[in-house]
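# Descriptive structure summary
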Amino acid sequence: MTKNISDELGGFIRGNDNFLLLTHEKPDGDAIGSIFGLFKILRDNGKKADAFLPEKLPARYASFVPEDVIIGKMPELEKYSWIICLDTSTPDRIGVDKDQRAKILSLQLVNVDHHPDNKLFGKKNFISPESAATAEIIFKALKDSGSLRISQEAATCLLIGIIMDTGGFRFDNTKALTLKAASELLVAGADYPRVINAMFFSQPLNFVKMEAELVSKHMKTAFSGKYAWAYLSDELLTEHGIEKKDTETLIDLLRQIQGVEIAAVFYRKDDGFKISLRSKNKKYPVAKIARTLGGGGHELAAGAFIKAAEISEAEKILQDRVGEMLGEKDGNPL
Ligand SMILES: [Mn+2]
């Protein structure tokens, strides 16, 4: 992150008051870690701030929700001086009631994010694509600004953001500055073992059984095993008693396989299928594929939506694009 962005964001937060914090729908670890961390820092330092999430959180985050976070019922937007939207690349994804999205854009909106395709929809935009996580941007800005106290609880929340967006420091967005921020969060009292246990070593048994079934019965591969994908159907989720919101890290199950360069998971949604895409190799920037399908994201971690009646149709569309990217023509796995 450039020193300018960091200084300006730190100065902005120090010099203002009365904030509403928002993030994207279906919040992931960075969305949750960022919103909780910033909320705690603001409140701990005597500022007026609320944090709003539209729906119940994925189970692994339940024990980290700070007191007074608003879940479910949207507060009145007009009473805030500033609305800060975190980790959200486009206004269509802001996690609020649909009819409120347009209104938010007309208010004093501040956009803090690390997605390279951020649509710069705020009145102020603090975008740092070289940061691994939005939580990293916040921490750097507020730490450097010096005068705001960062409690152990806030540090733990920000650490969740960094850990989840780097897959526990395994993904290639893990830079020296990322590790430095994580290290400084530990110095500030972040509870590393608690975060690691909750994020990676607390998978319910029914979830692990579902993963086993997904890999053994529903995963397919093509292009000599360089592409692996699976359709996580609503039936499979129901059979194992799992909620879709708890499947954030599921795609890593496919990515971890030797030889796989590109992994995808399909989910049913409305009149088509949502896809999550991951790549292990800079030569195959899956964000490119996502963009051709109207989606977006980070170069090696992206998502999109394919309108299709049947899963086989959606699978074929994606497989063709993946094949082009891998430089392969014939996959014949279907
Ligand atoms: Mn993020």
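A few points on the structure. Note that this is a predicted model, so its numbers are computed, not measured.

### Re the overall build of the protein chain
- Tallying secondary structure elements over the protein chain gives twelve helices and twelve strands in all.
- Taken over C-alpha atoms, the radius of gyration comes to 20 Å for the protein chain, in line with the 20 Å a tight globule of 334 residues would show.
- Counting the 334 residues in the protein chain, one finds 42% classified as buried.
- In the protein chain, the share of contacts with a sequence separation of at least 24, taken over all contacts with a separation of at least 6, comes to 66%.

### Quick look at the packing of helix α5 (residues 152–165) against helix α7 (residues 192–200)
- Packing of α5 against α7 leaves a shortest axis separation of 10 Å and a crossing angle of 50 degrees. Here α7 runs oblique to α5, going by the angle between their axes. As for how α5 packs across α7, the hand of that crossing is right-handed. Facing α5, whose interface residues are Thr156, Leu159, Ile160, Ile163 and Met164, α7 presents Tyr192, Arg194, Val195 and Met199.
- Split by residue class, the contact of α5 with α7 holds seven nonpolar, one polar and one charged.

### A short note on the sheet that holds strand β12 (residues 301–307)
- Strand order in this open sheet of six strands is β7-β8-β9-β10-β12-β11, and the pairing throughout is mixed. The sheet is open, and its two edges are formed by β7 (219–222) and β11 (296–298), each paired on a single side. In this sheet, neighbouring strand axes are inclined to one another by 20 degrees on average, regardless of whether the strands run parallel or antiparallel.

### Regarding the sheet that holds strand β6 (residues 124–127)
- Here six strands make up an open sheet; going across it, the order is β3-β2-β1-β4-β5-β6 and the pairing parallel. Strand pairing shows two members of the sheet lacking a second neighbour, β3 (70–71) and β6, which therefore form its edges.
- Where helix α2 (residues 29–44) meets the sheet, it contacts β1 (19–23), β2 (49–53) and β4 (82–86), and its direction lies at approximately 170 degrees from that of β1.
- On the sheet, helix α4 (residues 134–145) packs against β4, β5 (109–113) and β6 and is oriented at approximately 110 degrees with respect to β5.

### Things to note about the pairing of β4
- Counting buried residues in β4 gives five out of five residues, a clear majority hidden from the surface.
- Both faces of β4 are covered, namely the face carrying Trp82, Ile84 and Leu86 and the face carrying Ile83 and Cys85.
- Note: β1 against β4, five bridges, orientation parallel. Pairing of Phe19 across the sheet is with Trp82, part of β4.
- In terms of strand pairing, β4 meets β5 through four bridges, oriented parallel. Each residue of the ladder has a partner; that of Leu86, found in β5, is Val112.
- Taking the sense of rotation as the criterion, the β-α-β connection linking β4, helix α3 (residues 98–106) and β5 turns out right-handed.

### Some details on the pairing of strand β10 (residues 272–279)
- Within β10, six of the eight residues are buried, which leaves the element mostly enclosed by the surrounding structure.
- The pairing of strand β9 (residues 262–269) with β10 spans eight bridges and is classified as antiparallel. Residue Ile262 lies in a different strand from β10, and its bridge partner there is Ser279.
- Adjacent in sequence and paired antiparallel, β9 and β10 are bridged by two residues, among which Asp270 carries a positive phi angle near 45 degrees.
- Pairing between β10 and β12: seven bridges, direction antiparallel. Each residue of the ladder has a partner; that of Ser276, found in β12, is Gly303.

Conventions adopted
Residues numbered from 1 in each chain as written. Predicted model: local features only at pLDDT ≥ 70, side-chain atom pairs only at ≥ 80, totals over all residues. Helix = DSSP H or I, 4+ residues; strand = E, 2+ residues; numbered from the N terminus. Rg over C-alpha atoms; globule rule 2.2 N^0.38 Å. Buried ≥ 20, exposed ≤ 12 C-beta atoms within 10 Å, placed from the backbone. Contact = placed C-beta atoms within 7 Å. Axes fitted to C-alpha atoms, helices over the stretch in contact; angles between N-to-C directions. Parallel < 35°, antiparallel > 145°, perpendicular 65-115°, else oblique. Left-handed = near helix turned anticlockwise from the far one by under 90°. Nonpolar A, V, L, I, M, F, W, Y, C, P; charged D, E, K, R; others polar. Pairing = 2+ DSSP bridges. Right-handed = clockwise from strand over helix to strand, strands pointing away.

Just distances and angles here, no functional claims.
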